[in-house]
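Below, each chain spelled out in residue letters.
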Amino acid sequence: MVSRVIPVDPFDLVIFGGTGDLARRKILPGLYRRFLAGQMPDDARIIGAARGEMDDEGFRALVADAVSEFIAEGKRDGETLARFLGHVHYVAVDAKGEAGWTDLARIVRKDVVQAFYFSVAPALFGDLAERLHRHGIAGPEARIVVEKPFGRDLESAKALNATLAEHFSEGQIYRIDHYLGKETVQNLMAVRFANILFEPLWNARHVDHVQITVAETVGVGGRGAYYDRSGAMRDMVQNHLMQLLCLIAMEPPYRFDPDAVRDEKLKVIRALQEVRPDDIVRGQYRGGPKAGGAPSYVEDAEDPASRTESYIAMKVQIANWRWKGTPFYLRTGKKLRARASEIAVVFKEVPHSIFGEEEGWRENVLSIRLQPNEGMTLSVMIKEPGPGGMRLTEVPLDMSFAEALGEDGTDIPDAYERLIMDVIRGNQTLFMRGDEVEAAWAWTDPIIAGWEARGDRPKGYDPGSSGPEDALMLVHRDGRRWREIRE
Ligand code: BG6
């Protein structure tokens, strides 16, 4: 099945922080892939903006480098790359000063879609927003794109929202959570709301519990200083895992429209119960010989006394009719056994089993794999083939998205390219609304304040493991078990 490419309107996309790491790794290669797919109109322009003095050619060389580093060789012949680079421009702009703004005003067009990507530190958001206005660059329909971290607590998130609101309306602000751009994450909505099959079972009466796992093999080396001020709770749970939880738990929106979807997600966040201290396990990876001599978390963070968590597992409860009594177990961490992200919806036992344990009964599980090998598996019980009585066995109804769609995995668009195209189209469904972000912080803040006040220390875990031992207990004591972390 060849995916359909729906062309977008002509646009000027200005990337502040255009020479930075995110632009190089994600934004520019993503735009190149959209260009390859034929989605970029002839007169679309990508305008890098950063402090460094450089001309168009200098920036094009940087873009060409990024493409050759992050795009497979067969997809970047010289001619195609040259055509793509024809769309690329550069303006040197000082976010905190006046240099470059009149140049930018001259180059950015008023009669096309305008998008301004703030791929810079949040401390600069206010400066950029104010100057875009003062210099008459951003028209009334202009869109701005901002990255996480969107604040580090409720207060700072509110301040950021207020700053942006001075110059842009909520309908112009696109807060990126790149997890919402992942193919499987969007598929969650399709699976839930385009099939009659699941909805009748999608509640506390039939779902025993839900597990959301985002496991990474990388450590925090290289960005230890940033990470140490945030930790897994702020870096992953408050945003990415929260969004996954919302998509699983939300009520069907009345239509697939940005505010209808976000209203329903917001209700879930507001219904989250406070998490009890013994429903949280925090961990820090160790170093040393078992880690093959690799540095420990505190070495990566360059703070021997750091109490920041590189792993967190928690049991979360949603206080509403649909989910009362069905726990959601969340866990995420660095330097774990495998890079594997999965949502598992574990169903309850049949009301009355005519088969016993000895016949091998297991619960049904709907597993949604975010990465790698994106896809879904529904485990069902069948009779083991052959004579010799009734023995049950579990078989997967397995759907690999890459196989089902007839694409090799590399053709599934990356989260960033999809989200950028949504910005150009003016579709905010997959972006976080200001009140959603604030509600997520309102839930997160007291949890963090709680462990800080108690002076809790994270538990050590070995790199390559599944996390701290105590995390096992979190589910064992409820008579459940974590699913294995594997690719
Ligand atoms: C980022 C976090 O938002 O997401 C990183 O800041 C994390 O710490 C990354 O590694 C994970 O993203 P992905 O797409 O690789 O799962």
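The residue count restarts for each chain, going from 1 along the sequence in the order it is written. Thresholds applied to this predicted model are a pLDDT of at least 70 for local features of residues and 80 or more for the giving and counting of side-chain atom pairs; totals over whole chains, interfaces and linings are not thresholded and use all residues. Note that water and hydrogens are dropped before the side-chain values are worked out from all heavy atoms of the structure.

Considerations on the packing of helix α7 (residues 183-193) against helix α9 (residues 231-249)
When two helices pack together, their arrangement is captured by the angle between the axes and the distance separating the axes. Stated precisely, the cut-off is as follows: Where helices are involved, their axes are fitted lines through C-alpha atoms of the stretch in contact, as for all axes, and angles between N-to-C directions lie from 0 to 180°. Only runs of H or I of at least four residues qualify as helices and only runs of E of at least two qualify as strands under DSSP, and these elements are numbered from the N terminus. Roughly parallel means an angle under 35 degrees; roughly antiparallel, over 145; roughly perpendicular, 65 to 115; everything else is oblique. In what follows, a contact means two residues having at least one pair of non-hydrogen atoms within 4.5 Å. Residues were grouped as follows: Ala, Val, Leu, Ile, Met, Phe, Trp, Tyr, Cys and Pro as nonpolar; Asp, Glu, Lys and Arg as charged; and all remaining residues, including Gly, as polar.
At their nearest, the axes of α7 and α9 sit 9 Å apart, and the two run at 10° to each other. With respect to each other, α7 and α9 are oriented roughly parallel. Facing Val-185, Leu-188, Met-189 and Arg-192 of α7, the residues of α9 in contact are Leu-244, Leu-247, Ile-248 and Ala-249. Residues that form the contact of α7 with α9 fall into these classes: seven nonpolar, no polar and one charged.

Notes on the packing of aromatic side chains
Note the threshold: Stacked, edge-to-face and tilted labels apply to pairs of Phe, Tyr and Trp rings (six-membered ring for Trp) whose centres lie within 6.5 Å, assigned for plane angles under 30 degrees, over 60, and everything in between, in that order. Burial here depends on accessible area, computed with a 1.4 Å probe over protein chains only, as a share of the maximum for the residue type. Under 20% is buried, over 50% is exposed, and the range in between is partly exposed. Only when the NZ of Lys or the CZ of Arg is both within 6 Å of the ring centre and within 35 degrees of the ring normal is a charge said to sit over the ring.
A full pass over the atoms with the stated rule returns 16 aromatic pairs. Ring geometry for Tyr-174 and Phe-431: centres 4.9 Å apart, planes at 80°, overall edge-to-face. On the criterion of sequence distance, the pair formed by Tyr-174 in strand β6 (residues 173-175) and Phe-431 in the loop between α13 (415-425) and α14 (434-454) is long-range, its members being 257 residues apart. The pair formed by Tyr-174 and Phe-431 is uniform in burial state, with each residue classed as buried. The ring of Phe-150 has Arg-175 sitting right over it, with the charged end atom 5.1 Å from the ring centre. Lying over the aromatic face of Tyr-179, Lys-182 brings its terminal NZ or CZ to 4.5 Å of the ring centre.

Structural notes on the site of the ligand
Test applied: A single heavy atom is enough: if one lies within 4 Å of a molecule or strand, its residue is considered near that molecule or strand. Any pair of N or O atoms that falls within 3.5 Å is considered a polar contact. Within protein, one atom must be able to donate a hydrogen and the other to accept it, and sequence-neighbouring residues count only if both atoms are side-chain atoms. With residues, only the protein chains shown are counted as cover, and all accessible areas are computed by Shrake-Rupley using a 1.4 Å probe.
Around the ligand, the neighbouring residues are Lys-148, His-178, Tyr-179, Lys-182, Glu-216, Arg-223, Asp-235, Met-236, His-240, Lys-334, Arg-339 and Gln-371. Arg-223 is positioned such that a nitrogen or oxygen atom in its side chain is 2.8 Å from an oxygen atom of the ligand. Between the ligand and Asp-235, the relevant distance is 2.6 Å, taken from an oxygen atom to a side-chain nitrogen or oxygen of the residue. Coverage of the ligand by the protein amounts to 80% of the 400 Å² it exposes when considered alone. Considering only residue class, the shell around the ligand consists of two nonpolar, three polar and seven charged.

Comments concerning the pattern of salt bridges
As a reminder, the rule being used: A pair is scored as a salt bridge if a Lys or Arg side-chain nitrogen falls within 4 Å of a carboxyl oxygen belonging to Asp or Glu.
As enumerated under the stated definition, the model contains 51 salt bridges in all. Here Arg-433 ties to Asp-263 by a salt bridge, and the two come within 2.9 Å at their closest N and O atoms. Taken together, the residues span a long stretch of sequence, with Arg-433 in the loop between α13 and α14 and Asp-263 in helix α10 (residues 258-270) at a distance of 170 residues. Of the charged contacts, one joins Asp-278 and Arg-276 as a salt bridge, the two residues approaching to 3.5 Å between their closest N and O atoms. Shared partners join several salt bridges into a network, and the residues in it are Asp-208, Arg-276, Asp-278, Asp-279, Lys-315, Arg-477, Asp-478 and Arg-480.

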